[in-house]
Amino acid sequence: MSKIAEAILMDGSKLPYVITDNPPRGGMKYTYFAPDKSYVIQFFNDPEIGMIPEIQDRISAIIGKYNPTLSEENGGARGNSQTLADYFSQRYCWPVAMVKYPEFGIVCPAYPSNYFFDSNSSIVEGLDLSGKDKKSNWFTSRNRKYLNKSELGNFMMMLKLSICLARAIRRMHSAGLAHSDLSNNNVLIDPKSGSCVVIDIDSLVVPGLYPPEVAGTRGYIAPEVLETMEYPRSDPRRCLPCIETDLHSMAVLIYEYLLLRHPLNGPKHIPNITPEEEDFLLMGPKAVFIEDPNDQSNRPQNLNITVHDLGPHLEQLFMQAFVDGLHSPKRRPQAMDWERGLIKTWDMLYPCENPNCREKWFVLHDIEHPVCPFCGKRVNSEIVKIKFKKELRGKSGQWMPSGELIAYNNYPLFSWHIYSNVFADEKADRDLCAYVVKHQGNWLLVNQKIKGMRSPSGNLVPPGQAVLLKNGTVFRLSDESNGQLAEIQIKG
Amino acid sequence: MIGMDEFVRRLPVYLLLDCSGSMMGERIEAVKQGIRSLITELKGDPQALETAYISVITFSSTAKQEAGLTELMLFKEPELKASGATMFGRALDVLMDCINTEVRKSTETQKGDWRPLVFVLTDGAPSDVNDFKRAAEQLKTMKIANIIACAAGADADTTYLKMMTENVLMMNSLSAGDLAQFFAWVSGSIKMTSKSLDTKPGEALELPPPPQGFQIVP
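Please read these numbers as outputs of a predicted model, since none were measured by experiment.

Chemist: Describe the sheet that holds strand β13 (residues 411–413) of chain A, with residues and values.
Modeler: In a beta sheet, neighbouring strands pair by backbone hydrogen bonds and run either parallel or antiparallel. All names here are of chain A. Across the sheet, which stays open at both edges, the four strands sit in the order β13-β14-β15-β16 with antiparallel pairing between neighbours. Two strands bound the open sheet, and with one partner strand each, they are β13 and β16 (466–469). Taking the axes of each pair of neighbouring strands and ignoring which way they run, one obtains an average angle of 25 degrees across the sheet. Pairing analysis gives three bridges linking β13 to strand β14 (residues 434–439), with the strands arranged antiparallel.

Chemist: Go over helix α9 (residues 275–283) of chain A with me, naming the residues and quoting the values.
Modeler: Of all the residues in α9(A), the buried ones are Pro275(A), Glu278(A), Asp279(A), Phe280(A), Leu282(A) and Met283(A). Buried-residue contacts for α9(A) involve α7 (223–227) of chain A.

Chemist: For the confidence of the model for chain B, give the residues involved together with the corresponding values.
Modeler: All names here are of chain B. A residue-level look at chain B finds 91% of positions with pLDDT of 70 or above and a mean pLDDT of 87. Ranking the elements of chain B by mean pLDDT puts strand β7 (residues 214–217) last with 79 and helix α3 (residues 88–102) first with 97. Below pLDDT 50 for its whole length, residues 1–5 participates in 12 contacts with residues either more than four positions away or in separate chains. What the predictor reports for the complex is a pTM of 0.94 with an ipTM of 0.89.

Chemist: I'd like a description of unusual backbone geometry, backed by residues and values.
Modeler: Residues and elements named next belong to chain A. For the bond from tyrosine 101 to proline 102, the omega torsion is 5 degrees, close enough to zero to count as cis. Within the secondary structure, proline 102 sits in the loop between β5 (97–101) and β6 (105–109). The phi dihedral of lysine 37 is positive, around 65 degrees, even though this residue is not glycine. Mapped onto the fold, lysine 37 is located in the loop between β3 (29–33) and β4 (39–44). Despite not being glycine, asparagine 482 has its phi angle at roughly 70 degrees, a positive value. By secondary structure assignment, the location of asparagine 482 is in the loop between β17 (474–476) and β18 (485–491).

Chemist: Outline the environment of Lys64(B), listing residues and values.
Modeler: Tracing the chain through its elements places Lys64(B) in strand β3 (residues 63–71). What Lys64(B) contacts, discounting residues up to four positions off in sequence, is Thr58(B) and Val94(B).

What counts and how
Residues numbered from 1 in each chain as written. Chains lettered and ligands numbered in written order. Predicted model: local features only at pLDDT ≥ 70, side-chain atom pairs only at ≥ 80, totals over all residues. Pairing = 2+ DSSP bridges. Helix = DSSP H or I, 4+ residues; strand = E, 2+ residues; numbered from the N terminus. Axes fitted to C-alpha atoms, helices over the stretch in contact; angles between N-to-C directions. Buried ≥ 20, exposed ≤ 12 C-beta atoms within 10 Å, placed from the backbone. Contact = placed C-beta atoms within 7 Å. pLDDT = per-residue confidence, 0-100.

Below is the structure:
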């Protein structure tokens, strides 16, 4: 049985919603939908919590001056343009208004339809997933086997949505906000399109305001938070959710997306205590990364694919997050580091030549041993590597390495490949600048719109013309300021 | 890709259902419908689908396990019939046996399952009072499970339920609507437990607030 009710917002406007018998319920709130499902209204399980003025103040700040999904003009975050607001609207399900009647509540936009399963999503009888949220662990746990292959995406899509997540969290953290409960439940993913959306934004930690009540979700809570739970909230030894704990939760999620397993869930076992106590120790004070090179106690026997197969950037980040930083929050990589490392790894993606490869793409980090870690197929084609160099500031003619990529036929180059001062974030120009193509047996770099591209001998290469790529070729991608140098390596 | 199945702890869930004569007719049908919705609801939650294992134990003139501890995807709905007395004490003995044999314990070499969740639904009082008192005492002191007991309707006696657990709920009627709400709440509790085992071990069980019309018995 359902009936339509009307909520009154703080500004006096009215919004209809549908009261259902058993609304979806989380740890803090329950949810009713709009008649047309375009937004949701959430109320607190414990209405008293919604009455606390400090909580209302926090939510009001989140909806207003900290809101990256609204332009500054429209009352959102300072310096936020409409374009950026539109971009981040897709990354978060950010609250838009507060309800004052029938009780305190929050209005959030509904997430886009690609984050809901449909009737074709499940391949087993007796499991109808239509309308269910695409929580991360549908894809990263054994539940994968129940899903239609078309839902699972591939390694490239998982890397793409990891970049989306790192970018969304970097944006939050750069404003001083911490999500405080990043988890499989609060990040919905669509591996089909390689996108993600962060939800449950109302429990953000906002600088200087009353902290939220949540500790997090099992498996994603930072070890120090578990370890210090015994102290009262006001005790200085107590570690509460903050930006550093987000950095643990986010690293766990990215590890799960790329390797389909939990980084701390291994064979390590502590006998003679209850499973609840054991789990507390293994996720808290005694947590060990399953791939810890110095401590094999939690390492599964059949670890065929490891962080090493993800290339040097991600290997280093995961070691920093789960070896150096697991019990030392300050040593965890920042969201910005993850965003950069993931993007550098994106440039090393290579299509697996095995048409039946489950993942279709892998990180080609070692051109001497170009083997897909997922299916074991060795690359037979010629491999083109472009090494970028940037000019040292104030030292004309002195160049230092600034990145590299593995190209293949029809490989696109963007402004961040051409200029050393462009970063591939949400602000970067995404127009095609140039592309690598194999034409009549030769590798060419075709200029699409770069000013000042120079051939190896120094001649201008205008848009529409190309540079022939040979092993050892060196040329300026652009001779304008910050234009990079490209050095070609061809193997095979 | 990688066989991590061995590291997944199961969350055993036992439903202890009163199928005595007073449950006959519309009530037992509502219970069956409730189990069906519960399973469907849990299957839609990835965490529950991966970890929750369900078993049904009924009690009337006898007590028996209708369905052994089974993962959700393989769970078959038991044939429930209502008749006879309320051998509640026997049911607690069956429960303790089942937990003993079915729930994996932590050993030197093996990780154990989560502490079982037991949901009890009764509309009366035990016919086997002495057996009940002994078994309830045993359950309470051994602390082998988190038990949530629900007394349904005017004839249910909560004093007995209090002997086996601190978590006692009361619902005033046994209408189909109330029973549906009870099972929805059970599903919410299972999802919550399988999700946020984030309080320190040994702390009180976190449960969602009971539905309207249900009271927590202090």
